[in-house]
Amino acid sequence: MKRRTLLVGPPGSGKGTHAKRISSRFKIPHVATGDMLRAEVAAATTLGLAVRDVMEGGDLVPDELVLEIVTTRLSQPDASRGWLLDGFPRTIPQALALDDRMGSRGIDLVLTLEVPRAEIVGRISGRRSCSSGHVFHVDADPPRREGFCDFDGETLFQRQDDRPEVVLSRLEVYERETEPLLGHYRTSGRLVEVDGSGPPGEVYARVEAVFLDRTDG
Ligand code: AMP
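Now for a quick tour of the structure. This is a predicted model, so every value here is computed, not measured.

Around the ligand, the surrounding shell holds 16 residues, and the nearest of these are Thr 33, Arg 38, Asp 59, Gly 87 and Gln 94. In the environment of the ligand, a nitrogen atom lies 2.8 Å from a nitrogen or oxygen atom belonging to the side chain of Thr 33. Separating a nitrogen atom of the ligand from a backbone N or O atom of Gly 87 is a distance of 2.9 Å. Surface burial for the ligand is 95%, taken as the share of its 480 Å² of free accessible area covered by protein chains. Broken down by element, the shell around the ligand gets its largest block of residues, 4 residues, from helix α2 (residues 33-42). Residue composition of the shell around the ligand, grouped by class: 6 nonpolar, 4 polar and 6 charged.

Below you can see the structure in the form of structure tokens.
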């Protein structure tokens, strides 16, 4: 049984939240390029130092750097029975490189979350994270103690690229670079569009139903 799946959607569409639950429900690794790149930045590695400014400005990191970290991650043993990619591919060259790597069997499912722009801006501007990647929302999902993570007590902060002045530019980057991927996957019959608006529990139920219906198992 294998599940090779992608979650595509604009920033703030809930990809990370649902991907974590799908990953634990179906026992496939959640491979989130944004999280991996942020870990490189936090550890001040050569890669992290090279991509920090680009990420903070809301632009995309060069394809070849992202391809390298994804290729390395997907060749690890826990990825042999499938995976859920979150935040990759984000450009047509990345999608073609992934198709190439997958060979004839290819990708089983591409799920996209559709959320109105106004809802996205509200979600992102209230988002607060800790350095381990736990995520809260000041109104919709506040931590028990304001400003501190429920799980590890770390201080919560707003990601540099979640600042209001960067959010609109990230949405533009999504529309210009990533939305064209949907056409690519739609024509090959791999795309399922899911309504991503509304309470997280209801959206998750829709996402899980698609996984059950469209992947082996
Ligand atoms: P995310 O957490 O998915 O919103 O990603 C945060 C940032 O990481 C993005 O705004 C980009 O700067 C960078 N990033 C993540 N994934 C990719 C990708 N597949 N291609 C290029 N840049 C990426």
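Moving on from the coordinates now.
Our next topic: the nonpolar core. Counting residues in hydrophobic clusters, the biggest one holds 26 residues, and the most contacted among them are Leu 6, Trp 83, Leu 85, Leu 98, Ile 107 and Tyr 185. Contributing elements (two or more residues each) for this core: β1 (3-8), α3 (46-56), α4 (63-74), β3 (82-86), α5 (92-102) and α7 (164-187).

Once that is clear, we can look at unusual backbone geometry. Of note, the bond from Phe 88 into Pro 89 is cis; its omega dihedral lies within 30 degrees of zero at -5 degrees. Here Pro 89 is to be found in the loop between β3 and α5. Phi at Lys 27 takes a positive value of approximately 55 degrees, unusual for a residue other than glycine. Checked against the element boundaries, Lys 27 lands in the loop between α1 (15-26) and β2 (30-32). Looking at Lys 27, the relative accessible area reads 70%, which means it is exposed. Although it is not a glycine, Ala 44 sits at a positive phi angle of roughly 50 degrees. Relative to the helices and strands, Ala 44 resides in the loop between α2 and α3.

Conventions adopted
Residues numbered from 1 in each chain as written. Predicted model: local features only at pLDDT ≥ 70, side-chain atom pairs only at ≥ 80, totals over all residues. Heavy atoms only, no water. Near = heavy atom within 4 Å. Polar contact = N/O pair within 3.5 Å; in protein donor to acceptor, adjacent residues only side chain to side chain. Areas by Shrake-Rupley, 256 points an atom, 1.4 Å probe, with all protein chains shown as cover. Helix = DSSP H or I, 4+ residues; strand = E, 2+ residues; numbered from the N terminus. Nonpolar A, V, L, I, M, F, W, Y, C, P; charged D, E, K, R; others polar. Core = buried A, V, L, I, M, F, W, Y, C linked by side-chain atoms within 4.5 Å. Buried < 20%, exposed > 50% of the residue type's maximum accessible area, 1.4 Å probe, protein only.

By themselves these figures say nothing about function.
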